[in-house]
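Close look at the chain arrangement
Single-letter residue listing:
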There are 2 protein chains.
Amino acid sequence: MNHNFPRHSATLDHAERDEFVPFVHELAAIGTAIIRRHYLQGTAIELKGDDTPVTAADRRVEEVMRLLIAQRYPDHGILGEEYGMQRPDARYRWVLDPIDGTKAFVSNCFIFGTLISLLRDGRPILGAIAHPLTGHVLVGLGGGPTLLGDRVMRTRRCARLEDATLLTTSHWEMVDHRVGPAFEPLSRRARLYRSWGDCHGYFQVATGGADLMIDPVLKSWDICALVPVIEGAGGRVTGIDGGDPLTASDLLASGDPSLHAEVLRLLATP
Amino acid sequence: MNHNFPRHSATLDHAERDEFVPFVHELAAIGTAIIRRHYLQGTAIELKGDDTPVTAADRRVEEVMRLLIAQRYPDHGILGEEYGMQRPDARYRWVLDPIDGTKAFVSNCFIFGTLISLLRDGRPILGAIAHPLTGHVLVGLGGGPTLLGDRVMRTRRCARLEDATLLTTSHWEMVDHRVGPAFEPLSRRARLYRSWGDCHGYFQVATGGADLMIDPVLKSWDICALVPVIEGAGGRVTGIDGGDPLTASDLLASGDPSLHAEVLRLLATP
């Protein structure tokens, strides 16, 4: 099988790197400050139409990030989970998920994070996973590398499922997915299998701590940031059918391209 | 069914509180400092005889904690995961797990923690879960309360499994447990079901963010700290058979005593 999956992020040029990377760190730091004020404070939980939770922290972080982007880049587009799309035809578009893992957040779990990405002509050139409680900000640059502070992060090699750490967000949602009948035995074959996942699962793959992260349901505000983070670290990311992750509604990310191919093959086998 | 499960921790008196609580915070702070130096630094992983991982961080944290205890309380006993038992007949005995969740630690996941407890005449009077990456230190006092800094933490009420957030460490280890045939459908009925768990699952229950944490395999260096943390916050903790957690090899912790009774009943049904 061909392991040469195409990259889905576009290459960031030097001027874009100098301009946008410090700004992404500013957005992440401000989001972190807001979220930390709400964590473990009994923040009220509201259910949205799709039965997913939202809190005042999600809304406030996105409001503030939108305000800062609009002030600095008034001609850029913005898509966010809580407040929708502005200027969809702009060449540069920011895609924001103020709290990815709101269920973790309201369960007092540590693993949620803020996702920030920047698209140029519809392809991400920059993606960030910011973990407010620990202060880790992982930034993937289109064309590489992926940086944690000033350290270059690399995925690890792991060619065999039996040696792999496999992560997902929800076991039962994954079992109920179209590929569930193939996934369930696969999850048993993995050396270590854990859920919670959310953006932290991709953090673990990109930093070489885990090998596979699979998500049954994702929206574009989740996916756009994850693609440059994983690809910049040497990993691979596609939909669960092997297609373009940017148009997918589910995601498979792998540290080792050969394992990515093997897992796609196993999941495609009825 | 009788919901009045007995408490398994013993009450801490004022002199013990003044003497030992600041010392537990000192141990937690020093452990945290050591662990943070090792996190995401490519620390070598060694497999022990029971196939569980250990790193230089686990060993160094326990060494230093033992040194500090022996210097301050030379007649106290110490049991730790990595270096065994000293003075098993002492009236006061410290029970230590330097890194609970070493698999999470080596997977670059945030949820591992240091467990510290103090037993008097074989019953815990004090337990702490310290999360090095976020700095949270949750201290359960025998007889209550459970404190996060100076804030009193309480479990939340949740009488129905369908409304509950259920946590475990490993899905497949739980399915392979004696009660696995009853557990698997129960985990599907819960409103939210996630793994990783480890000590963070008990942190989530004790702080009112989750309702149930179940662990298929635990050792006494894990259990002793968790009992006062859960009980001090108003929750219940027993073995999976409903018996004394301090002599159990598995654990169920619940925020709501009535839900605890219901889940024990469901798990006992073949």
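Small disclaimer: the values here were computed from a predicted structure and weren't measured.

The rules behind the values
- Residues numbered from 1 in each chain as written.
- Chains lettered and ligands numbered in written order.
- Predicted model: local features only at pLDDT ≥ 70, side-chain atom pairs only at ≥ 80, totals over all residues.
- Heavy atoms only, no water.
- Contact = heavy atoms within 4.5 Å.
- Buried area = accessible area lost by both parts, 1.4 Å probe.
- Salt bridge = Lys/Arg side-chain N within 4 Å of Asp/Glu carboxyl O.
- Helix = DSSP H or I, 4+ residues; strand = E, 2+ residues; numbered from the N terminus.
- Domains from an automatic or database assignment.
- Polar contact = N/O pair within 3.5 Å; in protein donor to acceptor, adjacent residues only side chain to side chain.
- Disulfide = S-S within 2.5 Å.
- Buried < 20%, exposed > 50% of the residue type's maximum accessible area, 1.4 Å probe, protein only.

1. Some words on the interface of chain A and chain B
Listed as interface residues are 43 residues of chain A and, on the opposing side, 43 residues of chain B. When chain A packs against chain B, close to 3600 Å² is buried across both sides, 55% of that on carbon and sulfur atoms. Counting every contact that joins chain A to chain B gives two salt bridges. Across the pair D176(B) and R188(A) runs a salt bridge whose closest N-O atoms are separated by 2.9 Å. When contributions to the side of chain A that touches chain B are tallied by element, the ones reaching two or more residues are α3 (102–106), β10 (151–153), β11 (165–168), α4 (171–175), α5 (180–189), β12 (192–194) and α6 (198–206) of chain A.

2. Structural notes on the domain arrangement of chain A
Residue and element names in this part refer to chain A. Domains assigned within chain A are domain 1 (14–153) and domain 2 (161–267). Relative to domain 2, the C-alpha centre of domain 1 lies at a distance of 21 Å. Listed per partner, the contact involves 38 residues of domain 1 and 24 residues of domain 2. Carbon and sulfur atoms make up 71% of the surface buried where domain 1 meets domain 2, a total of about 2200 Å² over both sides. On the domain 1 side of the contact with domain 2, I111, I129 and M153 bury the most area, a combined 21% of that side's loss. Between domain 1 and domain 2 we count one salt bridge in total. Between R123 and D244 there is a salt bridge, with the nearest N and O atoms lying 2.7 Å from each other. Connecting domain 1 to domain 2 are six residue pairs in polar contact (both at pLDDT 80 or more). Looking at the side of domain 1 that touches domain 2, the elements with two or more residues in it are β3 (77–80), β5 (92–100), α3, β6 (113–120), β7 (123–131), β8 (136–141) and β9 (146–148).

3. Brief notes about the state of the cysteines
Under the counting rule described, the total for this entry stands at zero disulfides over all chains. The structure places no disulfide on C199(A), whose sulfur is separated from the nearest cysteine sulfur, that of C109(A), by 10 Å. For C199(A), a relative accessible area of 1% translates into the label buried. Free of any disulfide, C109(B) has its nearest cysteine sulfur in C109(A), 7.4 Å distant.

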